[in-house]
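Spelled out from the first residue to the last, the chains are:
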Amino acid sequence: MSIDFGELTFSFTPTRTMFIARCELGDEWQPGELQPFQNLELSPAACVLNYGQGLFEGLKAYRADDGRILLFRPAMNAARLRAGCRRLSMPPVPEELFLSAVRDVVSENSDYIPPNNDGALYIRPLVFGSGAILGVAPAPEFAFLVYASPVGPYFKGGLSPIRLLVTRDFHRAAPKGTGGVKAIGNYAPGMLPSSHAKRKGYAEVVYLDAVEERYIEEVGAANFFAIFGDTLVTPALSGSILSGVTRDSVLQLAAERFGLKVEERDVSIDEALGADELFCSGTAAVISPIGCINYEGQDHQFSGGEVGPRTRALYEALTAIQHGDAPDEFGWVVEV
Ligand SMILES: *Cc1c(COP(=O)(O)O)cnc(C)c1O
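Quantities reported herein were computed from a predicted structural model and do not represent experimental measurements.

### Points about a nonpolar patch on the surface
Turning to step 1, where the next piece is worked out: A cluster of nonpolar side chains, namely Leu40, Leu42 and Leu49, defines an oily patch on the protein surface of about 260 Å² accessible area.
Turning to step 2, where the next piece is worked out: Mapped onto the elements of the fold, Leu42 is located in the loop between strand E2 (33-36) and helix H1 (47-51).
Turning to step 3, where the next piece is worked out: Judged by its relative accessible area of 33%, Leu42 is partly exposed.

### A closer look at helix H2 (residues 74-87)
Turning to step 1, where the next piece is worked out: Between its terminal C-alpha atoms H2 stretches 20 Å, which fits the 20 Å expected from 14 residues at 1.5 Å a residue.
Turning to step 2, where the next piece is worked out: Taken as a whole, H2 has its buried residues at Pro74, Asn77, Ala78, Arg80, Leu81, Gly84 and Cys85. One side of H2 carries all its buried residues, which in axial view fall inside an arc of 165 degrees.
Turning to step 3, where the next piece is worked out: Ser89 sits one or two residues past H2 and shows a positive phi near 55 degrees.

### Looking at the side chain of Arg247
Turning to step 1, where the next piece is worked out: The topology assignment puts Arg247 in helix H5 (residues 245-256).
Turning to step 2, where the next piece is worked out: For Arg247, a relative accessible area of 2% puts it in the buried group.
Turning to step 3, where the next piece is worked out: Looking at Arg247, its side chain comes within polar contact range of the main-chain oxygen of Pro235, at 3.0 Å.
Turning to step 4, where the next piece is worked out: Here Glu264 takes part through its side chain, which lies 2.7 Å from a polar atom of the side chain of Arg247.
Turning to step 5, where the next piece is worked out: In this structure, Arg247 is in contact with Asn223, Phe225, Thr234, Pro235, Ala236, Leu237, Leu242, Glu264 and Ser281, ignoring residues within four places of it in sequence.

### Focus: the domain arrangement of the chain
Turning to step 1, where the next piece is worked out: Domain assignment breaks the chain into domain 1 (5-151) and domain 2 (162-322).
Turning to step 2, where the next piece is worked out: Using only C-alpha atoms to locate each centre, domain 1 and domain 2 end up separated by 26 Å.
Turning to step 3, where the next piece is worked out: Taken together, the contact pairs 22 residues of domain 1 with 21 residues of domain 2.
Turning to step 4, where the next piece is worked out: Around 1,700 Å² of area is buried between domain 1 and domain 2 when both sides are counted, 66% of it from carbon and sulfur atoms.
Turning to step 5, where the next piece is worked out: When residues of domain 1 are sorted by the area they lose upon contact with domain 2, Phe56, Phe72 and Arg80 head the list and together hold 37% of the total.

What counts as what
- Residues numbered from 1 in each chain as written.
- Predicted model: local features only at pLDDT ≥ 70, side-chain atom pairs only at ≥ 80, totals over all residues.
- Heavy atoms only, no water.
- Patch = residues over 30% accessible without salt bridge, like charges linked within 9 Å, V, L, I, M, F, W, Y side chains within 5 Å.
- Areas by Shrake-Rupley, 256 points an atom, 1.4 Å probe, with all protein chains shown as cover.
- Salt bridge = Lys/Arg side-chain N within 4 Å of Asp/Glu carboxyl O.
- Helix = DSSP H or I, 4+ residues; strand = E, 2+ residues; numbered from the N terminus.
- Buried < 20%, exposed > 50% of the residue type's maximum accessible area, 1.4 Å probe, protein only.
- Expected span 1.5 Å × (residues − 1).
- Arc of directions from axis to C-beta.
- Polar contact = N/O pair within 3.5 Å; in protein donor to acceptor, adjacent residues only side chain to side chain.
- Contact = heavy atoms within 4.5 Å.
- Domains from an automatic or database assignment.
- Buried area = accessible area lost by both parts, 1.4 Å probe.

Structure follows, in structure tokens:
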């Protein structure tokens with residue numbers, strides 16, 4: 001194996017080993033096994049291919065300067081995956097099976113983890129209906145798979161603000177739909193809005209709520225935050241918003257480390273345009289500062305187009321914990 005860790009981006013680089021376990025409908029998950037990374041064999045009638053019965057997760061393993069390998073709150077991903085399994089009529093993957101599979105895949109591929117600050121090993125768990133079925137109903141058999149890919153730092157030259165476009169042409173998720181879980185079917189519909197935004201010179205779209213088209217939901221596949229003075233506001237988890245691990249961590253850090261007031265509630269686009277700082281959060285980039293939002297044809301700038309001071313402080317505090325560079329008073333970091 002030869003990887004130039006300095007050249008990594010967020011593209012896919014296969015690693016040596018993956019994990020797979022199977023479960024028949026109405027039965028328990030089998031223990032599963034590690035195997036060489038390889039293609040899958042699936043029936044053309046597999047439920048996941050025909051009806052999208054599938055979920056994914058995403059988390060990272062970091063290499064600390066002292067050589068330890070660190071996962072960030074993996075039990076949160078395990079819990080979110082179980083909630084998603086219930087929503088999509090798949091047998092929930094037990095927490096212990098999830099955590100041991102993630103650990104094993106990281107250990108077996110530990111030489112693919114970039115050095116601290118050069119990136120991370122991105123871990124991608126999947127659960128899907130692998131069995132064949134013609135009618136719309138749960139698959140007779142399911143697979144739980146974990147693979148991994150080394151990825152570079154999201155912002156190569158340090159944090160830089162992104163430009164976003166509010167879309168009135170598309171919604172991401174509807175109330176009482178599946179926006180609150182990482183259902184695979186939620187993501188292909190976002191590719192068209194995203195490409196429209198990119199063509200106009202914006203990094204991503206901002207989605208408004210599907211009922212009133214007034215409240216901010218998410219930024220592409222990242223959670224949204226606004227700072228007004230000493231108050232940090234993020235949309236409440238009303239069902240159509242994905243419960244991000246990064247989102248939850250930012251809320252706790254902001255309140256407990258920085259003494260900010262935190263509010264989970266509706267944030268209208270009009271209110272957000274008056275914020276002091278805006279950012280979005282997710283595992284891939286951790287925190288992305290928002291420098292500009294286009295709404296109804298007009299660009300609005302935030303923090304003078306620079307990275308806001310509170311956004312930067314939250315980013316630095318959170319990544320320092322994740323990388324093992326700072327004490328973790330929250331007990332978030334788990335050594336592999
Ligand atoms: C995964 C995801 C997020 C971010 O969740 P993290 O656990 O922080 O990575 C936010 N929104 C959507 C729609 C997502 O799929």
